[in-house]
Amino acid sequence: MLRPRLLASRFAAVRPGTGRVLIVSNRLPLTVRVDDGAVAIVPSAGGLATGLRGVHERSGGLWIGWTGVPAETPWPTRQVIDRRLASIGALGVPLSAAEIAGFYERYANGVLWPVLHDRTDGPVPADADWELYRVVNERYADAVSRELRAGDVVWIHDYHLMLVPRLLRERHPDVRIGFFLHTPFPDLEALARVPQRAALLDGLLGADVVGVHTTAYATRFLDAVRSVLGRDVRGHGVADGTREVTVRACAMSIDVAAFEAQGADARVADHARSLRRDGEALLVGVDRLDYTKGIPERLAAFARLLRDAPEWRGRVRLLQIAAPSRAAVPAYRALRARVEAHVERINRRFGTASWTPVEYRYECVEGSALAALYRAADVMLVTPVRDGMNLVAKEFVATRTDGDGVLVLSRQAGAAAELRTALLVEPNDIAGLARAYAAALTMPSPERRVRMRRLRGAVRRHDVFQWAREFLLALGSGHVGLVGRTVG
Ligand code: ADP
Ligand code: F6P
């Protein structure tokens, strides 16, 4: 095997842009589930996976990540998984059951996830879980090192892998490395909950470019680098030895053309019609079942509407689709129970023999079925209490090629910075939310259409390929051309 120094000097001699884009994230675009020995390989829910899928397909590079099953899975099954991953240009990183529990469930999702969303009530990390986080980050860096070829750029994603940029930089001083954080960046008070914050921030500074969704997150990140690490920050640059790290706000988006095609498909329109009932308006929510998504608050506001405006009873239904997510993490199990109990209470209190106010489904929906939900909605409810971006909001807008439908959008979602003509709400203000539902349900058609036209303009201007191009350009890589043209 070549020593890292030698590898680095070989890389330096290669013309930029002649290699591949190596995407590195914990979640691959396909997730494997093994139930009673039967292997199901399904598209992953979650913004990172759904958004980056098209970029990866176009660039023809390699995606390195975890398969969703433990390394202890028997060999014949792992072989099926490996072959399937290879066929989409992906490579699995093995994680043992103990690592999944300590690294993914307890440290990344138990400790970091709430902090990144400004919560200060999460668990205190155990030393052993931090150790597993470190070990798994090393394994990712090893996997990337093994695959890295001359001319490749490395694009690392999300909070599971914050140490990987530095680990790679130590081995490959000349390789272009980007990092994108798909969550918000927290304030200093929340960040103080993580004893390892200095190591995590230093890990990120191994990258050449650190990307976040909004300028507000970039400002917070730079503040943290200044106050936690005492680093010299100039404008959007951070000095790291002789290098300068650029911090860049760049809002992630979706494959707009793909959602528009679904929106214009007659079969999707038929399916959408079948979801509706005569004389009944439809509110729709589609989320991973996550406490950041504001689902209990959304339900409470619906109950408030039915209580305070009884004329809506029997005339409106809330269809909530919740994708199973992180079910082994206690906070997520508790949320599931809470949401189910809440739905039951509302239906018991307000429902009649011929009308069920809330239809709740705990499932993943894909492709045209998802598009049909977006098309069927009179009002789309995207009301997270905190969200890095929220791609569901953009998917809904892109699918509405009919120019109709109302988006109720939380001001606490990164997407609110772009989608200004949505009905913007504060997700914790239950009375305000209920008023927004009523306003959306009664909005005159001309106003709905003007708002939707502006929303569609905003989404079309900046699709996921544009986002990837901007990031790769900031990275100074010549790989931009691999990502192709944008929709508009
Ligand atoms: P997050 O990344 O936190 O999950 P986003 O809204 O940015 O939030 O992205 C969610 C992605 O997951 C979207 O692409 C959406 O279509 C998908 N998704 C959400 N809920 C479901 C579901 N119930 N079934 C299938 N896909 C879903
Ligand atoms: O966008 C936030 C995010 O953590 C993504 O990284 C990920 O795709 C999504 O949520 C789903 O979470 P998980 O990978 O834990 O299933």
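Note that residues are indexed from 1 along each chain, following the sequence as it is written. Each chain takes a letter, starting from A, and each ligand takes a number, starting from 1, following the order in which they are written. Note on the predicted model: pLDDT of at least 70 is required for a residue's local features to be given, and 80 or more for side-chain atom pairs to be given and counted; whole-chain, interface and lining totals, by contrast, use all residues. No hydrogens and no water enter the side-chain calculation; it runs on all heavy atoms of the structure.

S.K.: So what's going on with the sheet that holds strand β14 (residues 358-362)? Which residues, and what values?
M.R.: The strand order across the open sheet formed by six strands is β14-β13-β12-β15-β16-β17, and the pairing between neighbours is parallel. Across the chains shown, the open sheet's two edge strands, defined by having one partner strand only, are β14 and β17 (423-425). Recorded for the sheet is a direction-independent mean angle of 20° between the axes of neighbouring strands. Where strand β12 (residues 281-288) lies against strand β15 (residues 379-382), two bridges are found, and the strand directions are parallel. Note on β15: the bridge partner recorded for Val284 is Met380. Whether two residues touch is decided by their heavy atoms; if any such pair falls within 4.5 Å, the residues are in contact. Axis definition: a line fit to C-alpha positions, over the contact stretch in the case of helices; interaxial angles, taken between N-to-C directions, run 0 to 180 degrees. Strands here mean DSSP runs of E at least two residues long; helices mean DSSP runs of H or I at least four residues long; both are numbered from the N terminus. Along the sheet, helix α14 (residues 367-376) contacts β12, β13 (316-323) and β15; its crossing angle with β12, the most-contacted strand, is approximately 140°. Strands pair, by our definition, only if DSSP identifies at least two bridges between them.

S.K.: Describe the sheet that holds strand β1 (residues 21-27), with residues and values.
M.R.: Strand order in the open sheet formed by nine strands is β5-β4-β1-β6-β7-β8-β11-β10-β9, and the pairing between neighbours is mixed. Each of the sheet's edge strands pairs with one partner strand only, and the pair in question is β5 (90-92) and β9 (233-234). The pairing of β9 with strand β10 (residues 237-240) spans two bridges and is antiparallel. Within β10, the residue paired with Arg234 across the bridge is Gly237.

S.K.: Before we move on, can you summarise the side chain of Ser44 with the specific residues and values?
M.R.: When you line up the elements, Ser44 lands in the loop between β3 (38-43) and α2 (47-59). Burial classes: relative accessible area under 20% of the type maximum marks a residue as buried, over 50% as exposed, and values in between as partly exposed (1.4 Å probe, protein chains only). Residue Ser44 is classed as buried on the basis of its relative accessible area, which comes to 5%. Any N or O atom pair separated by 3.5 Å or less is treated as a polar contact, with the protein-specific requirement of one donor-capable and one acceptor-capable atom, and with residues adjacent in sequence counted only for side-chain atom pairs. Here Thr31 takes part through its side chain, which lies 2.6 Å from a polar atom of the side chain of Ser44. Not counting residues within four places of it along the chain, the set of residues in contact with Ser44 comprises Arg27, Leu28, Pro29, Leu30, Thr31, Ala49, Thr50 and Arg53.

S.K.: Describe the site of ligand 1, with residues and values.
M.R.: If a single non-hydrogen atom of a residue is within 4 Å of a molecule or strand, that residue counts as near it. Surrounding ligand 1, one finds 19 residues, the nearest of these being Gly47, Thr50, Arg288, Val365 and Glu395. Taking Gly47, its main chain carries an N or O atom lying 2.6 Å from an oxygen atom of ligand 1. In this structure, Glu363 approaches ligand 1 through a main-chain N or O atom, which is 3.0 Å from a nitrogen atom. Computed with the Shrake-Rupley method and a 1.4 Å probe, the accessible areas treat only the protein chains shown as cover for residues. When ligand 1 sits alone it has 560 Å² of accessible area, and the protein chains cover 92% of it. Contributing elements (two or more residues each) for the shell around ligand 1: α2, β12, β13, α14 and α15 (391-399). Split into classes, the residues belonging to the shell around ligand 1 amount to ten nonpolar, four polar and five charged. Residue type decides the class: Asp, Glu, Lys and Arg count as charged, Ala, Val, Leu, Ile, Met, Phe, Trp, Tyr, Cys and Pro as nonpolar, and the leftover types, Gly among them, as polar.

S.K.: Any details on the environment of Ile321? Residues and values, ideally.
M.R.: Within the secondary structure, Ile321 sits in strand β13. Here Ile321 falls in the buried class, since its relative accessible area comes to 1%. A C-alpha to C-alpha distance of 8.7 Å links Ile321 and Leu289, two positions 32 residues apart in sequence. With residues up to four places along the chain from it excluded, the contact list for Ile321 reads Gly285, Val286, Asp287, Arg361, Glu363, Val365 and Leu373.

S.K.: An account of helix α18 (residues 464-474) is needed here, citing residue identities and associated values.
M.R.: Taken together, the buried positions of α18 are Val464, Phe465, Trp467, Ala468, Arg469, Phe471 and Leu472. Residues of α18 that are buried in the fold lie against β1, α2, β6 (153-157), β7 (177-180) and β8 (209-212). Of the residues flanking the start of α18, the one acting as N-cap is Asp463, its side-chain oxygen 3.1 Å from the backbone nitrogen of Phe465. Gly476, located one to two residues past α18, shows a positive phi value of around 70°.

S.K.: An account of the pattern of salt bridges is requested, with residue identities and associated values reported.
M.R.: Salt bridge, as applied in this entry: a Lys or Arg side-chain nitrogen positioned within 4 Å of an Asp or Glu carboxyl oxygen. Enumeration according to the criterion identifies 43 salt bridges in this entry. A salt bridge links Arg234 to Asp232, with the nearest nitrogen and oxygen atoms 2.9 Å apart. Looking at Asp232, the relative accessible area reads 41%, which means it is partly exposed. A salt bridge links Glu418 to Lys394; its shortest N-O distance comes to 2.8 Å. Within this pair, whereas Glu418 is found in the loop between β16 (406-410) and β17, its partner Lys394 is found in helix α15, the two being separated by 24 residues in sequence. Residues participating in the shared-partner salt-bridge network are Arg166, Arg169, Arg176, Asp202, Asp208, Arg231, Asp240 and Arg243.

S.K.: So what's going on with the packing of helix α8 (residues 197-204) against helix α9 (residues 215-229)? Which residues, and what values?
M.R.: At their nearest, the axes of α8 and α9 sit 10 Å apart, and the two run at 120° to each other. In terms of axis orientation, α8 runs oblique to α9. Here the hand of the crossing between α8 and α9 comes out left-handed. Between α8 and α9, the residues in contact are Arg197, Ala198, Leu201, Asp202 and Leu204 and Phe221, Ala224, Val225, Val228 and Leu229, respectively. For classification purposes, angles smaller than 35 degrees are called roughly parallel, those larger than 145 roughly antiparallel, those between 65 and 115 roughly perpendicular, and all remaining angles oblique. Handedness of each helix crossing follows the sense of rotation of the near helix against the far helix: counterclockwise by less than a right angle gives left-handed, clockwise gives right-handed.

S.K.: Describe the side chain of Arg288, and please don't skip the residues or the numbers.
M.R.: As for its placement among the helices and strands, Arg288 is situated in strand β12. Among the polar contacts made by the side chain of Arg288, one reaches the side chain of Ser325 at a distance of 2.9 Å. Once residues lying within four places of it in the same chain are set aside, the contact partners of Arg288 are Ala45, Gly46, Trp113, Lys293, Ile295, Ala323, Ser325 and Arg326.

S.K.: Describe the confidence of the model for the chain, and please don't skip the residues or the numbers.
M.R.: A residue-level look at the chain finds 95% of positions with pLDDT of 70 or above and a mean pLDDT of 93. For every residue, the predictor reports its confidence as pLDDT, a number between 0 and 100. Here helix α1 (residues 4-12) stands out as the element of the chain with the lowest mean pLDDT, 33, in contrast to β15, whose mean of 99 is the highest. The low-confidence segment residues 1-16 (pLDDT under 50) makes 16 contacts with residues lying over four places distant or belonging to another chain.

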